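# Residue-level structure breakdown
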Amino acid sequence: MVYFLRLSTLFDGKLIYLLKDKLTKEKVLDLMIDDLEKYHYVESDFRDNVYKREDLYSTAIGGGIAIPHPIKYAATQSKVSFARLNEPIKWDDKNMIKYVFLISVNKKDYPNIQELFTFLVDLQQNQQFRNLIDKCKTINETKDVLRTIIQSVGYEK
């Protein structure tokens with residue numbers, strides 16, 4: 001049996017943030033990680049492993065997007081937290097970030113997660129994503145836009 005991971009199922013409304021305040025990278029990450037912990041989607045060492053990864057190299061990928069993730073498996077359930085910031089924040093020495101996709105993948109899903117990384121890398125050049133996501137006023141609108149973008153670029157039929 002072939003197992004496929006549906007990308008849209010990784011996005012949970014409880015883990016989508018439309019942030020109006022100007023926050024630091026650490027405040028954004030902590031806010032997102034706090035909820036992953038609260039809902040028991042990640043293991044107790046998830047936060048440390050995310051910060052260890054960031055210390056090794058920046059997870060900014062261009063296009064105002066960062067994809068922070070832990071240095072090792074530390075998730076009980078695979079999820080992607082998404083934050084849209086009103087104003088870009090300094091992520092590292094070179095990158096200003098407006099869209100944060102915090103990735104938590106458990107070990108069993110890892111072989112099927114490459115499509116998620118490909119999708120996120122493709123978003124760097126996707127002006128439709130920016131146009132639609134920046135207009136969202138609610139969490140549900142944001143989740144719908146993410147689902148629409150995933151489907152429109154052919155990742156789910």
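One can find the structure itself at the top, above this paragraph.
Let us look at the structure shown here.

Definitions and limits used
Residues numbered from 1 in each chain as written. Predicted model: local features only at pLDDT ≥ 70, side-chain atom pairs only at ≥ 80, totals over all residues. Heavy atoms only, no water. Helix = DSSP H or I, 4+ residues; strand = E, 2+ residues; numbered from the N terminus. Polar contact = N/O pair within 3.5 Å; in protein donor to acceptor, adjacent residues only side chain to side chain. Contact = heavy atoms within 4.5 Å. Phe/Tyr/Trp six-rings, centres within 6.5 Å; stacked < 30°, edge-to-face > 60°. Core = buried A, V, L, I, M, F, W, Y, C linked by side-chain atoms within 4.5 Å. Buried < 20%, exposed > 50% of the residue type's maximum accessible area, 1.4 Å probe, protein only. Pairing = 2+ DSSP bridges. Axes fitted to C-alpha atoms, helices over the stretch in contact; angles between N-to-C directions. Parallel < 35°, antiparallel > 145°, perpendicular 65-115°, else oblique. Left-handed = near helix turned anticlockwise from the far one by under 90°. Nonpolar A, V, L, I, M, F, W, Y, C, P; charged D, E, K, R; others polar.

What follows covers the side chain of glutamine 124. With respect to the helices, strands and loops of the structure, glutamine 124 is situated in the loop between helix 3 (114-122) and helix 4 (127-135). Among the polar contacts made by the side chain of glutamine 124, one reaches the main-chain carbonyl oxygen of valine 121 at a distance of 3.0 Å. The residues touching glutamine 124, leaving out its near neighbours within four places in the chain, are Ile61, Gly62, Gly63, Ile65 and Arg130.

Summed over all chains, the structure comprises seven aromatic pairs. With 6.3 Å between their ring centres and 80° between their planes, phenylalanine 11 and phenylalanine 101 make a pair best called edge-to-face. Taken together, the residues phenylalanine 11 in strand 1 (residues 11-19) and phenylalanine 101 in strand 5 (residues 96-104) connect sequence positions 90 residues apart. Relative to tyrosine 41, the ring of tyrosine 39 lies with its centre 6.1 Å away and its plane at 40°, an arrangement referred to as tilted.

Once that is clear, we can look at the nonpolar core. Ranked by size, the top nonpolar core spans 24 residues in total, and within it Phe82, Phe101 and Phe129 carry the most contacts. Looking at this core, the elements with two or more residues in it are strand 1, strand 4 (79-90), strand 5, helix 3, helix 4 and helix 5 (139-152). The element best represented in this core is helix 5, accounting for four residues. Apart from residues lying up to four places away in sequence, phenylalanine 101 is in contact with Phe11, Ile65, Ala66, Ile67, Pro68, Val80, Ser81, Phe82, Leu120, Leu123, Phe129 and Leu146. If you look at the next biggest cluster of nonpolar residues, it comprises 23 residues, including Leu29, Val50, Ala74 and Trp91.

What follows concerns the sheet that holds strand 2 (residues 60-62). In space, the five strands of this open sheet follow the order 1-4-5-3-2, with mixed pairing throughout. Every interior strand has two partners, whereas the edge strands, strand 1 and strand 2, have only one. Sheet contacts for helix 3: strand 2, strand 3 (65-66), strand 4 and strand 5; angle to strand 5, the most-contacted strand, approximately 175°.

Attention now goes to the packing of helix 4 against helix 5. Their axes nearest at 9 Å, the elements helix 4 and helix 5 cross at an angle of 165°. With respect to their mutual orientation, helix 4 and helix 5 come out roughly antiparallel. Remark: the crossing between helix 4 and helix 5 carries right-handed chirality. Mapping the contact onto sequence places Gln128, Phe129, Leu132, Ile133 and Lys135 in helix 4 and Glu141, Thr142, Val145, Leu146, Ile149 and Ser152 in helix 5. Across the contact of helix 4 with helix 5, the residue classes break down as six nonpolar, three polar and two charged.

With respect to the helices, strands and loops of the structure, threonine 142 is situated in helix 5. Along the sequence, threonine 142 and tyrosine 17 sit 125 residues apart, while their C-alpha atoms lie 9.0 Å from each other. Excluding its chain neighbours within four sequence positions, the residues that come into contact with threonine 142 are Ile16, Leu18, Phe82, Ile133 and Cys136. At 2.8 Å, the side chain of threonine 142 forms a polar contact with the backbone oxygen of threonine 138.

As for its placement among the helices and strands, serine 8 is situated in the segment before strand 1. When its relative accessible area of 13% is taken as the criterion, serine 8 is described as buried. With 139 residues separating them in the primary sequence, serine 8 and arginine 147 have C-alpha atoms 5.5 Å apart.

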